[in-house]
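Structural description and commentary
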Amino acid sequence: MKRAKQVKQVKQTIFAALVWGLCTTAAQAEHIGSVDTAFKLIGPDHKVVVEAYDDPKVNGVTCYVSRAKTGGISGGLGLAEDKSEASIACRQVGAITFPGPLKQQEEVFNQSLSILFKKLRIVRMVDQKRNALVYLTYSDKLIDGSPKNSVTAVAVDHSTPIPLK
């Protein structure tokens, strides 16, 4: 009986994760470039890809993320699990403006890294004391994530205070 209850809880968790994944809005990555890191005879090579994400709630800020992309047959079919290693650099690319107030901390992007619920996430945090935007990238899984992460910050001119909710 206990086993049936555990299976039911796992199914409910998976269902909730699927619904949550469908309901969240993630910005689309713009492919900037890539480099091959290992030759694969069949299927695409392993590579490091660089993608750009414009912050949807902060005009004038773009985040550049580099991450591993698994090749081979499973990678070509979209069945491989990409590594949890990523690096981020966010930069001011225009005048920084805020269409509305920001939350102190919120996920601004996510991208699936495998068919088994592994995601690359980017979270924006507001450092109000220094008038800066801090961006953190990490990956997680439904059950077990990774402590590997990368952080970057964008200083905002003090004449433009960051509006908080």
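Description of the structure in this document. (Residues numbered from 1 in each chain as written. Predicted model: local features only at pLDDT ≥ 70, side-chain atom pairs only at ≥ 80, totals over all residues. Heavy atoms only, no water.)

1. Comments concerning the state of the cysteines
- The final tally for this structure, using the stated rule, is 1 disulfide.
- Here cysteine 63 engages in a disulfide with cysteine 90; their sulfurs sit 2.0 Å apart. On the sign convention where negative means left-handed, the S-S torsion of about 105 degrees between cysteine 63 and cysteine 90 marks this disulfide as right-handed. Here cysteine 63 is found in strand E3 (residues 59–69), whereas its partner cysteine 90 is found in strand E4 (residues 86–97), with 27 residues between them in sequence.
- By relative accessible area, which is 1% here, cysteine 90 ends up buried. (Disulfide = S-S within 2.5 Å. Helix = DSSP H or I, 4+ residues; strand = E, 2+ residues; numbered from the N terminus. Buried < 20%, exposed > 50% of the residue type's maximum accessible area, 1.4 Å probe, protein only.)

2. Here's the deal with the sheet that holds E3
- What the 4 strands build is an open sheet, ordered E1-E2-E3-E4; its pairing is antiparallel. One side of each edge strand has no neighbouring strand; the edge strands of this open sheet are strand E1 (30–38) and E4. Strand-to-strand, the axes of this sheet are offset by a mean angle of 15 degrees, without reference to chain direction.
- Pairing geometry for E1 and strand E2 (residues 46–54), over 7 bridges, is antiparallel. Bridging across to E2, aspartate 36 finds its partner in lysine 47. (Pairing = 2+ DSSP bridges. Axes fitted to C-alpha atoms, helices over the stretch in contact; angles between N-to-C directions.)

3. Side note on a nonpolar patch on the surface
- On the surface, Ile32, Tyr64 and Val93 cluster together into a nonpolar patch covering about 260 Å² of accessible area.
- Positionally, tyrosine 64 belongs in strand E3.
- Residue class for tyrosine 64 comes out partly exposed when judged on its relative accessible area of 32%. (Patch = residues over 30% accessible without salt bridge, like charges linked within 9 Å, V, L, I, M, F, W, Y side chains within 5 Å. Areas by Shrake-Rupley, 256 points an atom, 1.4 Å probe, with all protein chains shown as cover. Salt bridge = Lys/Arg side-chain N within 4 Å of Asp/Glu carboxyl O.)

Keep in mind that these numbers describe shape and distance, not what the molecule does.
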